[in-house]
Each structure stands twice: as C-alpha cells, then as structure tokens.
Amino acid sequence: MRRITTGIIGASAAVAAVAALAGCGGADSAAGGGDITLKLTDTMSETSAPIYDKIYDACASEQGITVESNHVAGSGLIKTVLQQASSRTLPDVLMLDNPDVQQIAASGALSPLSDYGITGEGFPQGVVDAGTYDGELYGIAPIVNSIGLFYDADKLQAAGIQPPTTWDELADAAARLTTDDTYGIAFSATNSFEGTWQFLPFLWSNGASEDDLTSPEAVEALEFVNRLVQDGSASASVVNWSQNDVNDQFIAGKAAMMINGPWNMPSLEAAEGLNFASVPLPVPSAGDELVAPLGGETFTVPQTGDAERMAAAGEFVTCVTQGENQLTMATGRGAVPSDSEVAQQAAEENPLVASFVETVQSARARTALLGESWPEAATQIYTAEQLALTGSASPADALAQATAD
Amino acid sequence: MQRTSTLRQLPYTLLGLVFLALMLFPVYWMVNTSFQGGGTAASSSFFPTDPTFDGYRRALSQQTGNLLTSLVVAIGTVVVSLAIATPAAYALSRFRLRGMGVFSFGLLIAQMIPGIVIANSLYSLFNDVGLLNSVPGLVLADATHAVPFAILIMTAFMRSIPPSLAEAARVDGAGHFRAFWSIIVPVSRNAIVTAGLFSFLFAWSDFIFALTLTTSDTVKPITLGIYDYLEGNVQSWGPVMATTVMSSVPAIILLVFAQRFIAAGALGGAVK
Amino acid sequence: MTTTATLEGRDVAARGDGLGGDHHGDRARRRARAREKAAQWLFLAPAIVYVLVFFGYPVVKNLTMGFQEYTTRTFYTGEAPWVGFANYAEVFRSSIFGTTVVNTVLFTVGSIVGQFVLGLLLALYFRRRFPLSNVMRSLLLLPWLLPVIAGTSVWKWMLDQDSGVLNQVLRGLHLVSDPVPWLTSPDVALLGVVIVNVWLGIPFNSALLYSGLQDIPDELYEAGALDGATGWKAFWHITWPNLRGVVNVVLVLGVIYTLKVLDIILGLTGGGPANATQTLATDSYRRSFTEFSFGTGAAVSNVLIVVSLVFAVVYLRVNRRAVDE
C-alpha cells in the first residue's frame with residue numbers, strides 16, 4: 001500500500017542553509033581504498049526515520065561499511081525512482097512499497113535477491129509473492145501490515161454491542177452505533193489506490209478476484225460497502241477521505257468504528273480518553289476466510305553496475321531484514337514482523353497488534369495475480385467504488401462501466 | 001480630490017472590512033489552527049481557547065532551513081528573471097527586429113505549458129549537468145514561472161516611454177546599453193519592481209519544481225516542507241499551519257512595501 | 001530609430017551620387033548598422049536562449065513522447081517505440097475524454113467569470129479612498145501568497161459535508177436544509193473546486209484591474225459627470241473602454257493559467273469523486289504518474305496546450321477586430 005508515512009527529515013537549519021548556499025547536492029562519497037559507502041533511499045517519516053537509521057548504523061558498522069540514508073516522501077518516490085533509473089543514478093539500497101516492486105523489476109532496474117543469498121525463507125507466502133517478478137525475488141519486506149476493524153470500546157459497550165465478525169453483524173452494529181453526531185463506521189473510499197486497498201478485503205473475502213471484477217461475488221462486495229453509506233452508517237464523505245482522514249474522524253469521536261491499519265497505533269495511543277481495540281475485519285458469513293491485502297515496504301537492491309557495492313548492499317539488506325530488527329521496526333511503527341515466529345512474539349508483547357498478526361498470515365499481495373498490470377485493475381476498482389458510493393451507478397453497473405475501458 | 005470627511009467615509013471602511021473578513025476567513029482559520037495544540041482536522045475549534053506555541057516551536061525547529069532556502073531561491077529568481085526580461089522588454093518595445101512578433105507569441109505559448117511537462121524535461125537535463133538538488137538549478141527552473149510574465153509587464157510599460165528619452169542619449173553617442181542602463185531602467189522603476197514582485201511570489205510559491213528537481217533533503221524549499229508534513233501521519237495540524245503562517249510572512253512584508261509600485265496599468269495593449 | 005533613419009538617408013544620398021566614390025563610407029556605414037543590429041539582438045539573446053532551453057525543449061520532448069510508448073521500462077532501457085497516433089486514439093476513445101473536456105471547460109469558465117467579476121468589483125470598490133483602504137487592499141492579496149497546499153487543506157475542511165464551517169453557516173442561516181456535499185457529490189464537486197479556485201484567483205485579478213483603473217485619469221470622470229454620466233453610465237462609457245486593454249490581458253492570462261491548474265484540484269478532490277473534477281490537466285498527471293503511461297499522459301497535455309493556443313488565437317483575433325471597429 002502506498003504509505004502515507006513519508007519522509008521529512010528535520011535537517012538542522014545551519015546545515016541546510018549552508019548546503020543550500022553552497023549549492024551542493026547529493027555528492028558522491030569517496031569510494032576508494034576499499035571503504036564502501038552505500039546510498040540508501042527509504043520513505044520513512046520524521047517519526048520513523050530515527051528507528052531505521054539506528055538499525056542501518058548497527059548493520060553498517062557490523063559490516064564495516066558506511067551507509068548514507070535519504071528519506072523521501074512516499075508519494076513522490078516512484079517519480080524519483082523512474083528519473084533515477086533513466087539517469088542511472090539509483091541508490092544502492094532502495095525501499096519500495098510492495099505493490100511497486102513488480103513494475104520496477106519489470107523495467108530491469110532491480111537485481112535478483114537470490115544473488116545475495118536472500119530467499120524469503122521463513123516469510124509468509126504473501127510477502128514472497130509481493131516481491132517476486134517472473135519467478136525471481138526482487139524485494140523483501142521486514143515488516144508488513146494490513147487493515148482491520150478498530151472500534152471505540154466505550155461506545156460499543158454503552159450500546160451493548162459485541163465487535164462484529166460477519167458482514168451482517170457489521171452492518172447491524174454500524175447502524176446501531178450511528179447517532180446524531182457520530183457515524184457507526186468510517187473507511188476510505190477515495191479515488192486513489194488507498195480506496196482500492198480498503199475495498200480489497202471485501203472483494204477477496206467474498207471469493208471475487210481482481211481479474212474478473214464483474215463477477216457476482218464482486219458485485220455483492222460492492223453492494224455491501226455501498227449499503228453502509230446508503231444506510232447512513234458511514235458518511236458520504238468517505239469518497240474523499242484518505243486513511244489519515246479516517247483516523248482523524250475516529251480520534252475525534254465522529255465515528256465509532258473505523259477500517260484502518262496498525263500504523264495508526266502511535267496516534268491512537270496518544271489520543272486522550274480514547275479506549276480503542278481492534279479485531280480482524282468481518283467476513284461475509286461465519287466460517288469464511290478473511291483475505292486482506294498485504295502492506296509493507298520492501299528493501300531492494302537496484303542495478304548500479306558496481307558488483308562490489310551491490311554485493312555489499314545485498315549483505316546489508318540481509319542484516320536489516322533479520323528477525324530482531326523486524327521486531328524493533330514493528331514495535332516502533334505499529335506493524336507486524338514478517339517472520340512468523342517473530343510475529344508471534346510481537347503479538348504476545350503487544351496485544352493490540354495481535355489481531356493484525358492474525359490477519360497478515362493469510363494476507364494476499366496485491367500484485368500476486370496481475371503483476372505489472374495491477375495499477376490498471378486498481379484504478380478500475382476505485383472508479384467503480386466511487387461510481388457506486390456517489391450514487392452515480394448501481395454497484396453492478398459501476399463495475400461494468402469501470403471495467404469497460 | 002475628495003473632501004468628504006473621514007466620518008462619512010466610515011461606512012465604506014466597514015463594508016470593506018466585511019469583504020475582507022469573508023475573503024480572509026480561511027486565512028483566519030489557518031492562524032487559528034496554528035495556535036491549537038494536538039488538534040486533528042475534525043476537532044479544531046473556532047477560537048483557540050487554549051493557545052499554545054507548540055506548533056510554532058516545532059515548525060521553527062524543523063523548517064527554518066527550508067524557509068531560508070526558499071528565500072534564497074526566490075531572490076535568485078528575481079535577479080535572474082529581471083536580468084533576462086528587462087533587456088528583452090526593452091528590445092521588444094523599441095527595436096524592429098525580424099521575428100520579434102514570433103518571439104512574443106512564443107512567450108504566450110510558453111505560459112500555456114503545464115508545469116509538470118517542463119519539470120519532467122528539466123529533470124533529465126539537470127541530472128546530466130549536475131543541477132539537481134541545487135539552488136542555482138531551482139532558480140533557473142522557477143524563472144520559467146516568472147520570465148514570460150515579467151517580459152509582458154515591462155514591455156507594455158516601456159512602450160509607453162516616449163522615444164525621445166532614449167534618443168537623446170543615443171544622439172550624444174551613447175550605445176544602446178548605456179541608454180538602456182542610465183535612462184530606461186530608472187524610468188521603468190515601477191514596472192521593474194512590479195515584475196520583480198511577481199517573480200518573487202511565483203518562485204516563493206512554486207511547488208512542482210521543488211518536488212521534482214530535488215531528490216534529497218539538502219535543498220528543500222518551504223512548499224516541500226509543508227507537503228512533507230501533510231503527507232506524513234498528521235498527528236497535529238498545529239505545526240502544519242504554523243509553517244504556513246511562517247511561510248507567508250516574507251511575502252507579506254514584501255507586498256506591503258512594494259504595493260504602491262504595482263504599475264500594471266500599462267498592461268493595456270500588452271497582448272495584441 | 002531616428003539615428004538609423006538618418007544613416008539610411010545619408011546612404012541614399014551617397015548612392016545617388018552615382019560616382020561610386022564613397023564606397024569606403026558605404027562599407028563603414030553598413031558595418032555600423034550591422035554592429036547596431038547585433039547590439040540590439042544582444043538585448044534579446046538571453047531571453048531567446050532561455051525560452052528555447054526551458055520551454056522549447058520540454059515542448060518538443062512532450063510532443064515526441066505523445067507519439068511513443070513510454071512506460072516505466074523506458075526509463076531504464078531508454079526504449080520508447082514509435083506508435084504514431086495510437087496514444088491519441090486511445091485518449092480520444094477513452095470513456096472519460098468527453099468528461100475531462102467538459103469539466104475543463106466548465107472549470108475554466110466558472111473560475112474566470114468568478115475571479116474576474118469579483119476581482120473587478122473589489123477593484124472598483126477600492127478605487128475610492130477611505131480610511132484603511134490601502135491596508136485592506138494589501139491584505140486582500142493574502143490568499144495568493146499562501147502556499148496552495150495549505151490553502152486547499154483548509155478549504156477541504158471548510159467544505160466538509162458534515163462538520164465543515166460553510167455548511168454550518170448555510171444551515172444556520174437556513175439557506176439550505178441538508179448539508180451540501182461540496183466535494184463528495186459528483187453533481188456539486190466541480191462547483192466546490194471552482195469556488196476555491198475563484199478565491200485563489202481574486203487577488204491576482206483585483207490587483208491588476210486596480211492598477212488599470214488607476215491609470216484612467218480623473219478628468220475623464222469629471223468631464224463625464226458634467227454630461228450627466230455617473231454611476232453605471234460612467235462605468236460603461238468611461239471605465240470599461242479604457243480598461244479594455246488590461247481586461248484583455250487579465251482574461252487571456254487567466255484562461256491560460258486556469259487551464260493548467262493541477263495542484264488545486266489534486267489537493268481538494270484528486271479528480272474525483274467519480275471523475276467529476278477530472279480535467280485535462282489532472283488526467284494527464286494521472287496517466288503519467290499513477291498509471292505510468294507517459295505516452296498517453298503526454299498526448300493529453302498536448303491536447304491541453306492546443307486548446308490553450310486555439311483560445312488565445314481566437315480571442316486575440318476577435319478582439320483586434322473589435323478594437324479596429
């Protein structure tokens with residue numbers, strides 16, 4: 001999922017000013033004399049960057065190299081990557097959001113991780129699928145996430161409702177929790193891949209698939225989500241909300257439940273007076289399997305043409321993505337370690353994450369089925385959702401229209 | 001030439017204030033939010049009942065460098081734009097050279113090109129010559145916002161300068177450049193200041209080049225700083241709005257001083 | 001110019017001599033003229049170079065990209081196979097092309113009308129000198145000075161259907177009974193976006209129109225008043241004709257700039273909901289940077305530039321005729 005957590009680095013004023021005035025850019029460090037300096041680009045935000053930087057430094061010193069990390073905003077990353085690819089100035093280690101790996105790998109810009117002994121063993125199938133293109137593994141994600149159902153425990157208790165486990169229960173709970181100034185549920189149905197991301201668990205858990213969006217199962221899924229808005233249990237503004245906005249609404253008490261991911265934990269925990277908890281998303285009927293989308297950033301090793309540096313980068317990635325680092329990253333950012341055993345450990349240490357650990361085990365990668373052609377299908381999904389939720393077309397027609405092009 | 005008393009003018013002032021209030025309400029909201037701590041988008045109140053400077057503190061500690069960068073880039077843009085545009089405006093208003101009409105029309109077309117198109121091409125160009133992540137690079141790029149408009153304004157103004165003024169200098173044997181520098185430029189002061197002001201504002205608020213032509217944090221204009229804030233998990237809108245307020249201050253100061261120079265009246269006839 | 005004319009005059013006189021005895025003077029004068037022309041070109045040279053590099057090159061590149069299949073692969077391999085008009089065909093055939101064109105026209109017309117009319121009214125109002133009018137005029141420019149992203153974020157809240165301040169006020173004044181879905185309904189979203197764009201555009205318009213008004217001498221109004229032309233008549237017969245020049249510039253530039261608008265719409269609605277605010281500019285961006293189909297993205301932006309061009313040419317031609325009449 002294209003992460004909202006992005007890079008801002010609080011560069012000290014003096015350094016930035018001097019650098020700006022001196023007009024210096026990303027200067028190449030002296031790589032002579034066997035001293036390797038790797039350039040790394042990731043999408044970590046101001047709050048998460050320090051966590052990662054510590055891990056980078058630890059791995060780097062263990063390996064005897066230096067690593068220069070550069071944090072950029074997630075939404076501008078692909079543009080930068082493409083431009084760097086065309087000018088052959090890709091960094092040595094590149095963080096890519098998992099749905100983008102196939103696209104970039106297809107262009108030939110990444111090197112297979114098997115060259116460095118990274119096989120993805122011990123990682124859930126979904127994680128391996130996400131980073132695999134044409135049978136080769138190109139990106140590996142140390143931590144993953146998905147989405148689940150957060151709820152305000154106080155509000156549910158006051159209404160005497162149990163956290164829902166099926167779609168019917170969800171619709172019912174949302175309706176009963178809706179009051180004059182609170183909506184029962186909030187989610188993101190915006191016209192971007194975020195909206196698609198939030199719709200996928202409904203689509204997949206009902207047995208539909210992204211390569212056949214006009215199937216009856218797909219229509220059912222869209223009809224269900226549409227009903228939440230038509231019934232008034234969810235605000236019509238969901239078509240304009242990002243997941244950040246949804247979180248804001250939940251924290252402000254404007255929604256009793258929300259569909260969102262564990263990366264919001266830090267802000268949820270910081271919110272005063274909010275007694276929240278989370279459960280896996282409800283499934284169509286009791287006993288169905290929940291299939292939620294898999295999120296998380298992968299580390300990749302671009303083709304820079306310098307075999308020595310690429311080998312060093314591969315070794316570095318192996319270190320960064322190992323078990324204990326996964327736990328550190330996961331705890332700091334509100335995510336789930338990829339390695340199943342470490343994940344169990346995390347669930348035990350932080351019960352709030354437990355529902356996501358469960359969800360992730362059966363999560364599916366967005367690019368697993370369609371690979372490079374995923375963006376097209378993703379666009380069709382959010383287009384259809386928008387058409388339906390705004391009342392411009394019935395769910396069946398919406399899906400037909402969206403896939404017609 | 002109005003000799004009505006100030007008192008009778010007051011109703012106009014009041015109505016003017018109403019218009020101003022309506023237009024500036026969103027600005028008020030920004031300032032209001034900048035003083036509120038830990039608010040989320042959905043829960044800010046109409047008035048900061050519990051004002052805090054926390055937003056400003058965070059903004060100041062993190063964004064001062066970016067503000068400085070923006071300032072340097074904007075000033076550089078003014079210098080470069082005026083250096084290019086003023087002589088060109090003089091030529092367009094005075095000389096009869098072949099192809100000048102085509103050039104003028106070209107300037108108009110230039111303003112039709114979406115910024116993203118220019119930004120993409122400039123990336124590969126700058127990458128080849130090493131101008132990415134640099135202040136000079138941003139200056140040259142931001143000048144694309146400013147140069148055509150600056151030429152437009154100054155050409156229109158210079159056309160209205162009586163030819164005899166420059167001719168007097170030429171007859172005395174001064175070269176074109178001397179006539180230009182010693183006579184035309186001082187006379188066109190208002191137009192130059194106006195063009196410079198618009199150039200500064202265009203560069204100051206530029207976002208597309210800031211986003212595309214930088215790949216690291218070394219050079220980061222303030223618009224990018226705000227963007228980063230908004231893109232991250234925005235826990236608090238205080239720092240975001242505080243940064244916005246801070247980023248408006250230089251522009252406001254400039255405007256208050258230069259307001260009286262805005263001499264765009266001669267624009268009439270600029271586009272033929 | 002007089003110097004040149006005099007030179008030419010002397011030249012003619014010299015040639016008229018017919019004896020060819022002044023060749024040396026001839027050549028010297030021609031060299032002087034050449035030097036003069038060269039000096040004149042030097043004034044334009046920096047601008048020409050700048051325009052060619054920073055505008056010409058991107059335009060040419062975009063034009064060629066419209067004829068190529070340009071994807072993420074191209075960025076790495078450099079291969080961009082020529083596909084002729086296939087990109088354009090795909091764009092014109094796509095189901096949202098009609099929508100984007102209509103939205104672009106509506107957005108532009110709505111924005112220009114709003115910005116211009118309100119800008120003119122404000123400029124006219126502030127022509128009168130009253131206490132604080134100068135300060136107020138400067139403050140009116142504030143919307144223009146704020147970073148667009150901050151402006152759109154604030155407006156997004158203000159236009160929020162449930163808790164936005166605009167709906168609260170409208171309901172409080174009993175002007176509407178249900179909250180207006182400003183940015184969430186395909187029927188109203190374009191209007192919402194236009195409102196924000198108008199707000200952003202008023203300062204530019206009013207500043208330019210105000211200085212245009214300043215240039216109209218008071219004597220004209222005094223003379224007109226003697227003939228009984230005041231108020232609306234004064235505006236129609238004195239103000240408007242004298243303002244036409246500035247009005248033309250403001251309108252032409254306004255349309256050209258508005259056609260390009262991208263970040264305002266992206267910040268408010270991202271082109272939605274359901275493509276209700278998708279314009280040619282936002283569609284071009286979407287094709288290039290979310291679908292990574294740069295060829296079609298370039299094709300759409302070329303269409304945009306052509307639309308801009310056609311408008312400018314038509315408008316100027318019509319106006320020239322009107323001026324000549």
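Keep in mind the model is a prediction, meaning the values are calculated, not measured. (Residues numbered from 1 in each chain as written. Chains lettered and ligands numbered in written order. Predicted model: local features only at pLDDT ≥ 70, side-chain atom pairs only at ≥ 80, totals over all residues. Heavy atoms only, no water.)

A. Expanded view of the overall build of chain C. Looking only at helices and strands, chain C features 15 helices and zero strands. Relative to the compact-globule value of 20 Å for 325 residues, chain C shows a C-alpha radius of gyration of 27 Å, a clear excess of over 25%. With respect to the principal axes defined by its C-alpha atoms, chain C has extents near 95 × 75 × 35 Å. Looking at the 325 residues of chain C, the share that counts as buried comes to 54%. Within chain C, contacts between residues at least 6 apart in sequence are counted, and of these 64% link residues at least 24 apart. In the structure as shown, chain C presents an accessible area of about 14700 Å², 65% of it carried by carbon and sulfur atoms. When the 26 basic and 23 acidic side-chain charges of chain C are each reduced to a single mean position, those positions are 6 Å apart. (Helix = DSSP H or I, 4+ residues; strand = E, 2+ residues; numbered from the N terminus. Rg over C-alpha atoms; globule rule 2.2 N^0.38 Å. Buried < 20%, exposed > 50% of the residue type's maximum accessible area, 1.4 Å probe, protein only. Contact = heavy atoms within 4.5 Å. Areas by Shrake-Rupley, 256 points an atom, 1.4 Å probe, with all protein chains shown as cover. Lys, Arg positive; Asp, Glu negative; His and termini not counted. Charge placed at Lys NZ, Arg CZ, Asp CG, Glu CD.)

B. Main features of the sheet that holds strand β8 (residues 148-152) of chain A. Residue and element names in this part refer to chain A. Spatial strand order, β9-β10-β8-β11: four strands in an open sheet with mixed pairing. Pairing within the sheet leaves two strands with one partner each, and these edge strands are β9 (183-186) and β11 (276-279). Averaged over all adjacent pairs, the angle separating strand axes in this sheet is 20°, with direction ignored. Pairing analysis gives three bridges linking β9 to strand β10 (residues 255-260), with the strands arranged parallel. Residue pairing for β10: A186 is matched across the bridge by M258. Each of β8, β9 and β10 is contacted by helix α7 (residues 167-177), which is oriented at about 140° to β10, the strand it contacts most. Together, β8, β10 and β11 form the strand contacts of helix α15 (residues 354-361), whose direction differs from that of β11 by roughly 20°. (Pairing = 2+ DSSP bridges. Axes fitted to C-alpha atoms, helices over the stretch in contact; angles between N-to-C directions.)

C. Spotlight on the interface of chain B and chain C. Residue-level contacts link 96 residues of chain B with 81 residues of chain C. A combined buried area of about 8100 Å² lies between chain B and chain C, and 79% of that area is made up of carbon and sulfur atoms. At the boundary of chain B with chain C, the tally comes to zero salt bridges. At the junction of chain B and chain C, the tally comes to nine residue pairs in polar contact (both at pLDDT 80 or more). Of all the elements, helix α1 (residues 6-34) of chain B adds the most residues to the side of chain B that touches chain C, at 18 residues. For the side of chain B that touches chain C, the per-class residue count stands at 68 nonpolar, 22 polar and six charged. (Buried area = accessible area lost by both parts, 1.4 Å probe. Salt bridge = Lys/Arg side-chain N within 4 Å of Asp/Glu carboxyl O. Polar contact = N/O pair within 3.5 Å; in protein donor to acceptor, adjacent residues only side chain to side chain. Nonpolar A, V, L, I, M, F, W, Y, C, P; charged D, E, K, R; others polar.)

D. Geometry of the side chain of T282 of chain C. Residues and elements named next belong to chain C. Mapped onto the elements of the fold, T282 is located in helix α14 (residues 280-289). For T282, a relative accessible area of 1% corresponds to the buried category. Setting aside its immediate chain neighbours within four residues, T282 contacts L262, I265 and T277.

E. Broad picture of the packing of helix α2 (residues 54-94) of chain B against helix α11 (residues 237-258) of chain B. Residue and element names in this part refer to chain B. At a closest axis distance of 9 Å, the pairing of α2 and α11 adopts a crossing angle of 40°. Judged on the interaxial angle alone, α11 and α2 are oblique. For the pair α2 and α11, the sense of crossing is right-handed. Between α2 and α11, the residues in contact are G55, Y56, R58, A59, L60, Q63, L67 and L71 and G238, P239, A242, T243, V245, M246, S247 and P250, respectively. Tallied by class, the residues present in the contact of α2 with α11 amount to ten nonpolar, five polar and one charged. (Parallel < 35°, antiparallel > 145°, perpendicular 65-115°, else oblique. Left-handed = near helix turned anticlockwise from the far one by under 90°.)

F. Quick peek at the sheet that holds strand β6 (residues 139-140) of chain A. All names here are of chain A. Pairing is mixed across the open sheet formed by five strands, whose spatial order is β2-β1-β3-β12-β6. Either end of the sheet is taken by a strand with one partner, and the two such strands are β2 (66-71) and β6. Pairing between β6 and strand β12 (residues 297-300): two bridges, direction antiparallel. In the strand pairing of β12, I140 is matched with F299. Strand contacts of helix α3 (residues 77-86): β1 (37-42) and β3 (93-97), with the helix running at about 135° to β3, the strand carrying the most contacts. Across the sheet, helix α12 (residues 307-320) is in contact with β1, β2, β3, β6 and β12; its angle to β1 comes to roughly 55°.

G. Up close: the packing of aromatic side chains. Taken as a whole, this structure holds 52 aromatic pairs over all chains when the rule is applied. With a centroid separation of 5.3 Å and an interplanar angle of 80°, the aromatic rings of F19 of chain B and Y125 of chain C are classed as edge-to-face. Of the two residues, F19 of chain B sits in helix α1 while Y125 of chain C sits in helix α5 (residues 97-127), which places them in two different chains. When its relative accessible area of 30% is taken as the criterion, F19 of chain B is described as partly exposed. Using a relative accessible area of 15% as the deciding quantity, one classes Y125 of chain C as buried. Ring pairing ties together the aromatic residues F149, F198 and F202 of chain B together with W144, F204 and Y257 of chain C, which thus form one cluster. Above the ring of Y12 of chain B, the side-chain terminus of R128 of chain C is found at 4.1 Å from the ring centroid. (Phe/Tyr/Trp six-rings, centres within 6.5 Å; stacked < 30°, edge-to-face > 60°. Lys NZ or Arg CZ within 6 Å of the ring centre and 35° of its normal.)

H. Broad picture of the environment of T196 of chain A. Residues and elements named next belong to chain A. Take T196: it is sitting in helix α8 (residues 193-205). Exposure remark for T196: the relative accessible area of 1% places this residue in the buried category. A polar contact of 2.9 Å, which involves the side chain of T196, links it to the backbone oxygen of A378.

I. Highlighting the domain arrangement of chain A. Residue and element names in this part refer to chain A. Under the domain assignment used here, chain A contains domain 1 (35-140 + 297-334) and domain 2 (148-294 + 366-402). Computed over C-alpha atoms only, the centres of domain 1 and domain 2 are separated by 31 Å. Interface of domain 1 and domain 2: buried area, both sides summed, is about 920 Å²; carbon and sulfur atoms make up 56% of it. On inspection of domain 1 and its partner domain 2, the count reaches zero salt bridges. Between domain 1 and domain 2 we count three residue pairs in polar contact (both at pLDDT 80 or more) in total. Elements with a contribution of two residues or more to the side of domain 1 that touches domain 2: α4 (101-106), α5 (125-130) and α13 (323-333). Considering every element that reaches the side of domain 1 that touches domain 2, the biggest residue donor is α5, with four residues. A class-by-class count of the residues in the side of domain 1 that touches domain 2 yields five nonpolar, six polar and two charged. (Domains from an automatic or database assignment.)

J. Broad picture of helix α8 (residues 189-204) of chain B. Helix length check: α8 of chain B (16 residues) gives 22 Å between terminal C-alpha atoms against 22 Å at 1.5 Å per residue, within 8%. By the criterion of burial, α8 of chain B is predominantly enclosed, with 13 of the 16 residues buried. (Expected span 1.5 Å × (residues − 1).)

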